[in-house]
Amino acid sequence: MEEFIRKQYPGFSFTEADIEQIRTFGEIINLSKGSYLVKEGKINSCFYIVMEGVLRAWWNSEEKEPTLWFAIAGEPLFSTWGYVENRPSRLNIVASSSCRLLAFRREDIRTMITSSPVLCLWIQHLVELLLLITDEFLIDLSRPTAKERYLSFSNKMPQILQEVPLKEIAGYLGMTPQSLSRIRSEIVSRRNPTK
């Protein structure tokens, strides 16, 4: 855990006491592919940091599972409803691959931010990162063509293309898996034209 924290967030001068707090309050959770972290309709007030793997948020829709976002290593995530207001979640968060997470209870986050200026700045950084990621997703998904959405996504999160089923990526990009396959084939053929 300490190695991950120091490597992933090198701009923070964590003291040994800070690391001890993270060790004390943080719990490492391993999820297998397809396991739920958060279930729609259930309360989950924990704050998570992805250490390994990919998670996907989706909500129940008529015969579909629209993907809202993905989270990868180094990124924070939580059920906004559960963490902020202790209400049931309106979305599901599921492991798209085998995952390892660092989990903190909401009350432990509050203890950490009042006990150390470095931990307070670190948590603030994680929340700001989450806001930035959300805005990036919104802008990228507003691109007018499916090809532009795919190219933007593949440039920012190439590791997801290897770890996540095509239908989940297609759902996130607002297209069918067949359309996504067509776009990917077209891009590959343009990059590697036959002579």
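Residues numbered from 1 in each chain as written. Predicted model: local features only at pLDDT ≥ 70, side-chain atom pairs only at ≥ 80, totals over all residues. Heavy atoms only, no water.

**Digging into the overall build of the chain**
- From N to C terminus, the chain includes nine helices and eight strands.
- Taken over the C-alpha atoms alone, the chain extends approximately 60 × 40 × 30 Å along its principal axes.
- When the accessible surface of the chain is split by element, carbon and sulfur atoms take 53% of a total near 10900 Å².
- Separation between the mean location of the 24 positive side-chain charges and that of the 23 negative ones in the chain comes to 7 Å. (Helix = DSSP H or I, 4+ residues; strand = E, 2+ residues; numbered from the N terminus. Areas by Shrake-Rupley, 256 points an atom, 1.4 Å probe, with all protein chains shown as cover. Lys, Arg positive; Asp, Glu negative; His and termini not counted. Charge placed at Lys NZ, Arg CZ, Asp CG, Glu CD.)

**As for the sheet that holds strand 2 (residues 36–38)**
- As summarised here, the arrangement of the four strands in space is 2-7-4-5, forming an open sheet in which the pairing is antiparallel. Every interior strand has two partners, whereas the edge strands, strand 2 and strand 5 (67–71), have only one. Each neighbouring strand pair of the sheet contributes to a mean axis angle of 25°, computed without reference to strand direction.
- Examined bridge by bridge, strand 4 (residues 55–58) and strand 5 share four bridges and lie antiparallel to one another. (Pairing = 2+ DSSP bridges. Axes fitted to C-alpha atoms, helices over the stretch in contact; angles between N-to-C directions.)

**Re the packing of helix 6 (residues 146–156) against helix 9 (residues 177–191)**
- Contact pair helix 6 / helix 9: the axes reach a minimum separation of 10 Å and the direction vectors enclose 70°. Of the possible angle classes, the one that applies to helix 6 and helix 9 is roughly perpendicular. Listed contacts from helix 9 to Ala146, Lys147, Tyr150 and Leu151 of helix 6 are Leu180, Ile183, Arg184, Glu186, Ile187, Arg190 and Arg191.
- Across the contact of helix 6 with helix 9, the residue classes tally to six nonpolar, no polar and five charged. (Parallel < 35°, antiparallel > 145°, perpendicular 65-115°, else oblique. Contact = heavy atoms within 4.5 Å. Nonpolar A, V, L, I, M, F, W, Y, C, P; charged D, E, K, R; others polar.)

**Looking at the side chain of Ser79**
- Position of Ser79 among the secondary structure elements: in the loop between strand 6 (76–77) and helix 3 (80–85).
- Classification of Ser79 by relative accessible area gives buried; the value is 0%.
- At 3.5 Å, the side chain of Ser79 forms a polar contact with the side chain of Ser89.
- Once you skip the residues sitting within four places of it in the chain, Ser79 turns out to touch Val38, Asn44 and Ser89. (Buried < 20%, exposed > 50% of the residue type's maximum accessible area, 1.4 Å probe, protein only. Polar contact = N/O pair within 3.5 Å; in protein donor to acceptor, adjacent residues only side chain to side chain.)

**Quick notes on the packing of aromatic side chains**
- Scanning all chains against the criterion turns up twelve aromatic pairs.
- Both rings, one in Phe70 and one in Phe153, keep their centres 5.9 Å apart while their planes meet at 50°; by these two values the pair is tilted. Here Phe70 is found in strand 5, whereas its partner Phe153 is found in helix 6, with 83 residues between them in sequence. As far as burial versus exposure is concerned, Phe70 and Phe153 are alike and both buried.
- An aromatic cluster of at least three residues, connected via ring pairs, comprises Phe4, Tyr9, Phe12, Phe14, Phe104 and Trp122. (Phe/Tyr/Trp six-rings, centres within 6.5 Å; stacked < 30°, edge-to-face > 60°.)

**Description of unusual backbone geometry**
- Look at Asn86: it is not a glycine, yet its phi comes out positive at around 55°.
- The topology assignment puts Asn86 in the loop between helix 3 and strand 7 (92–95).

**Focus: the sheet that holds strand 6**
- An order of 1-8-3-6 is seen for the four strands of this open sheet, with the pairing classed as antiparallel. Every other strand in the sheet has two partners, leaving strand 1 (27–31) and strand 6 as the edge strands with one partner each.
- Alignment of strand 3 (residues 47–52) against strand 8 (residues 99–104), held across five bridges, turns out to be antiparallel. From the neighbouring strand, Val50 faces strand 8, where its bridge partner is Leu101.
- Contacts from helix 5 (residues 117–141) reach strand 3, strand 6 and strand 8, with the element oriented near 80° to strand 3.

**As for the environment of Leu151**
- Following the sequence through the fold, Leu151 ends up in helix 6.
- Judged by relative accessible area, which is 27%, Leu151 ranks as partly exposed.
- With near-sequence residues (within four places) excluded, Leu151 lies in contact with Ile187 and Arg191.

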